[in-house]
Amino acid sequence: MSGPYRGLLVERDGPVGWLIFDRPEVGNAMDAAMLADLPRAWADLDADPDVRVIVNTGNGPAFQTGLDVRQLAGDRDALREQSRRTKRADLRISAWHNHVGKPVIAAVNGVCAGGGLHFVADADIAIAAERAAFLDPHVSLGQASAFELIGLARRGAVEPVMRIGLTGRHERLSAARAYELGLVSAVVPDARAAARELAEKIARNPPETVRLVKQQLWRALELGLTAARREAAVIAARSPLAAPAPASQQELLGEPPCR
Amino acid sequence: MPDRAAMPDRTAMPDRTTMPDRTTMPYTEFQTLKLHRRGPVGWLLFNRPDSLNAMNAGMRAELADAWLELDRDPDVRVIVHTGEGRAFQTGVDVAELATDGLGMERYRADLEAYDLHFTAWQQQVSKPVIAAVNGICAGGGFHWVSDADVVIAATTAEFTEPHVSVGQVVAMESIGLLRKMPFEAVMRMALVGRHERMSAQRAYELGMVSQLVPPDQLRDAAQELAEKIARNSPAAMAATKRALWGALETGLTEACRQGAREVVSVWGHPDQDEGPRAFAEKREPRWAEPERAEPEASPR
């Protein structure tokens, strides 16, 4: 790893790479330094051959609360850079923006607000701590919100996404409701422990296959049903088996062989 | 075609939904599937219970014919499919892959050409299709969940996507599911592979299935649901199906534009007079005989 990273902790633990927001005193908000180092943190974890799965979480009570507007207001160069990237829809914040090929689990440990929603909208899998909550205060500050909400709206029901977009800072979506809606697949007391356990399961699967599956499912969000399936069929046809073929349906399912 | 009368006697206490009442032409006798009709409902059963209803090359070929046979039968208004035994469907038959000397090579050309014919969607079935998930649904089994119009399940059903755990990239089923339910759950199953299973309850919560039923009542529940659907105009339902599946192909505005064509396509159809008349006369409508529009030339 080519650390240190400003505002971030990047660690490896077995097959799991951790990208941890580390500005707990400001709700892990992204200042100019963190914004500058996020692409390198994602790239380093993606390139590390020992890392199979990346878990993204935050230190302290918050997960991620978006841009640190106070810091950026005093850093004209950084603000200009961010504005330029926004205009071009060329952000470098999330794993998806940075073309990460490995599976990414968002372990939402606490409040996730505004620009913090990028990291949920763009994760492959998301789980939440019981105290986690989701909101998008952009409109309460006179800012339009687009990328994060568009991403979230592709992941499930649209109405709840529109609602958090329009209620701004005056309402929060609870972890329990996020689970009901399928925005997260688990609500747990300890998001890190649950994420590690989940990551280790994924790490048992062959990494090249995992990469291709992830790529195809994201690609499918860009295409119509038939076009997406046609592309996936060709990929499947050209992918040789990377693991020994199971001998029976029971073995395929990881069940003990019958009889 | 075999004579119905020559078929073996049924057991003394048959499941009522498996009792065929088809009196016209018998269906084809398949090796890996069972077809029968009860009232307006055509049943398609996966029938390889010893292999957890895995799809071997034979079933793959038979499915192509079975869907069309039911879709073309004028007495069938709704199709239900389910599995015999403890599994619903567990995808491609891995034992056959391991032993037939061909493996996945058998399917390579069809995949490259995207020339597939084993689901109702692939066969462009015009009638409503209900999947009744009676037990485990794994891997390729999701083809029939993603490609059905309506899905119900036994409370004991389970869902798992083991492809990635055996080094296979098969995303077509997951891509279908992505269009119909929350992304995260589909991605999680696809990446975790056989190391996790989703419960029927969670599948219900996420909207992958719309009804859970105790396992011994699943076929009755599917028959009952199918009979409700069968009370609606076949022509209107076929157009509705085309509009809704078509909407998965494109953006909102274009989907509405194409949907408008489907709405207009049934204007002037006799069912549009019959529906209100039957309602006013407090009787069941007598719908016009449905006509199957033959599939477009382009394969799915």
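See the structure above.
Notes on the structure follow. Since the structure is predicted, the reported quantities are computational estimates derived from the model, not experimental observations.

**With respect to the interface of chain A and chain B**
Step number 1: With 50 residues of chain A in contact, the opposing surface of chain B contributes 49 residues.
Step number 2: Elements represented by at least two residues in the side of chain A that touches chain B include exactly strand S7 (125–129), helix H8 (191–202), helix H9 (207–220), helix H10 (225–237) and helix H11 (249–252) of chain A.
Step number 3: Sorting elements by how many residues they give to the side of chain A that touches chain B places H10(A) first, with eleven residues.

**Here's the deal with the sheet that holds strand S4 (residues 62–64) of chain A**
Residues and elements named next belong to chain A.
Step number 1: Strand order in the open sheet made by the four strands is S4-S6-S8-S9, with mixed pairing throughout. Where the open sheet ends on each side, the last strands, each with one partner, are S4 and strand S9 (173–174).
Step number 2: Sheet topology places strand S8 (residues 133–135) next to S9; two bridges connect them, and they run antiparallel. Bridge pairing in S9 links phenylalanine 134 to leucine 173.

**Let's talk about unusual backbone geometry**
Residues and elements named next belong to chain A.
Step number 1: For asparagine 28, which is not a glycine, the phi torsion comes out positive at approximately 60°.
Step number 2: Along the chain, asparagine 28 falls in the loop between strand S2 (16–21) and helix H1 (32–47).
Step number 3: Positive phi values are uncommon outside glycine, yet histidine 99 reaches one of about 55°.
Step number 4: Following the sequence through the fold, histidine 99 ends up in the loop between helix H3 (76–87) and strand S5 (104–108).
Step number 5: Histidine 99 sits in the exposed class, given 12 other C-beta atoms within 10 Å.

Cut-offs used in this document
- Residues numbered from 1 in each chain as written.
- Chains lettered and ligands numbered in written order.
- Predicted model: local features only at pLDDT ≥ 70, side-chain atom pairs only at ≥ 80, totals over all residues.
- Contact = placed C-beta atoms within 7 Å.
- Helix = DSSP H or I, 4+ residues; strand = E, 2+ residues; numbered from the N terminus.
- Pairing = 2+ DSSP bridges.
- Buried ≥ 20, exposed ≤ 12 C-beta atoms within 10 Å, placed from the backbone.

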